[in-house]
Amino acid sequence: MPSPSDPRPEPPEQPLPSDCCESGCDPCIFDLHAEALAEYRAALAAWRARHPEAED
């Protein structure tokens, strides 16, 4: 069982379509979400490696 001191990573909250101002921002909120999602996936893979007994 995973330790409370090493909790399973939580995915980033997906922005709503209305969160985008559609003015061509760089970076766009959706770009930032994509980066956060990639970081989450890497953190989750590392966490799973530390906790092979954990269920999905």
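Now for a look at the structure at hand. Remember, it's a predicted structure, so these values are computed and weren't measured experimentally.

## Observations regarding the overall build of the protein chain
(1) Moving on: A count of helices and strands for the protein chain gives one helix and zero strands.
(2) Moving on: For 56 residues, the compact-globule estimate of 2.2 N^0.38 gives 10 Å, and the C-alpha radius of gyration of the protein chain, at 15 Å, exceeds that figure by more than 25%.
(3) Moving on: The principal-axis extent of the C-alpha atoms belonging to the protein chain is close to 45 × 20 × 15 Å.
(4) Moving on: Out of the 56 residues belonging to the protein chain, those deemed buried represent 16%.
(5) Moving on: Summarising the internal contacts of the protein chain: among those between residues at least 6 apart in sequence, 63% fall at separations of at least 24.
(6) Moving on: With an accessible surface of roughly 4500 Å², the protein chain has 55% of that area assigned to carbon and sulfur atoms.
(7) Moving on: Side-chain charges in the protein chain split into 4 positive and 12 negative, and the spacing between the mean points of these groups amounts to 10 Å.

## Some remarks on the environment of Arg50
(1) Moving on: In this structure, Arg50 sits in helix H1 (residues 29-50).
(2) Moving on: Separated by eleven residues in sequence, Arg50 and Glu39 have C-alpha atoms that sit 17 Å apart.
(3) Moving on: A polar contact of 2.9 Å, which involves the side chain of Arg50, links it to the side chain of Asp6.

## Details of the state of the cysteines
(1) Moving on: Counted by the stated rule, this structure contains zero disulfides.
(2) Moving on: The thiol of Cys25 is not disulfide-bonded; the next cysteine sulfur, from Cys21, is found 3.3 Å away.
(3) Moving on: Unpaired in this structure, Cys28 has its nearest cysteine sulfur neighbour in Cys20, at a distance of 4.0 Å.

## Examining the pattern of salt bridges
(1) Moving on: By the definition in use, this model includes one salt bridge.
(2) Moving on: Between Asp6 and Arg50 there is a salt bridge, with the nearest N and O atoms lying 2.9 Å from each other. Here Arg50 lies in helix H1 and Asp6 lies in the segment before H1, a separation of 44 residues in the sequence.

What counts and what doesn't
- Residues numbered from 1 in each chain as written.
- Predicted model: local features only at pLDDT ≥ 70, side-chain atom pairs only at ≥ 80, totals over all residues.
- Heavy atoms only, no water.
- Helix = DSSP H or I, 4+ residues; strand = E, 2+ residues; numbered from the N terminus.
- Rg over C-alpha atoms; globule rule 2.2 N^0.38 Å.
- Buried < 20%, exposed > 50% of the residue type's maximum accessible area, 1.4 Å probe, protein only.
- Contact = heavy atoms within 4.5 Å.
- Areas by Shrake-Rupley, 256 points an atom, 1.4 Å probe, with all protein chains shown as cover.
- Lys, Arg positive; Asp, Glu negative; His and termini not counted.
- Charge placed at Lys NZ, Arg CZ, Asp CG, Glu CD.
- Polar contact = N/O pair within 3.5 Å; in protein donor to acceptor, adjacent residues only side chain to side chain.
- Disulfide = S-S within 2.5 Å.
- Salt bridge = Lys/Arg side-chain N within 4 Å of Asp/Glu carboxyl O.

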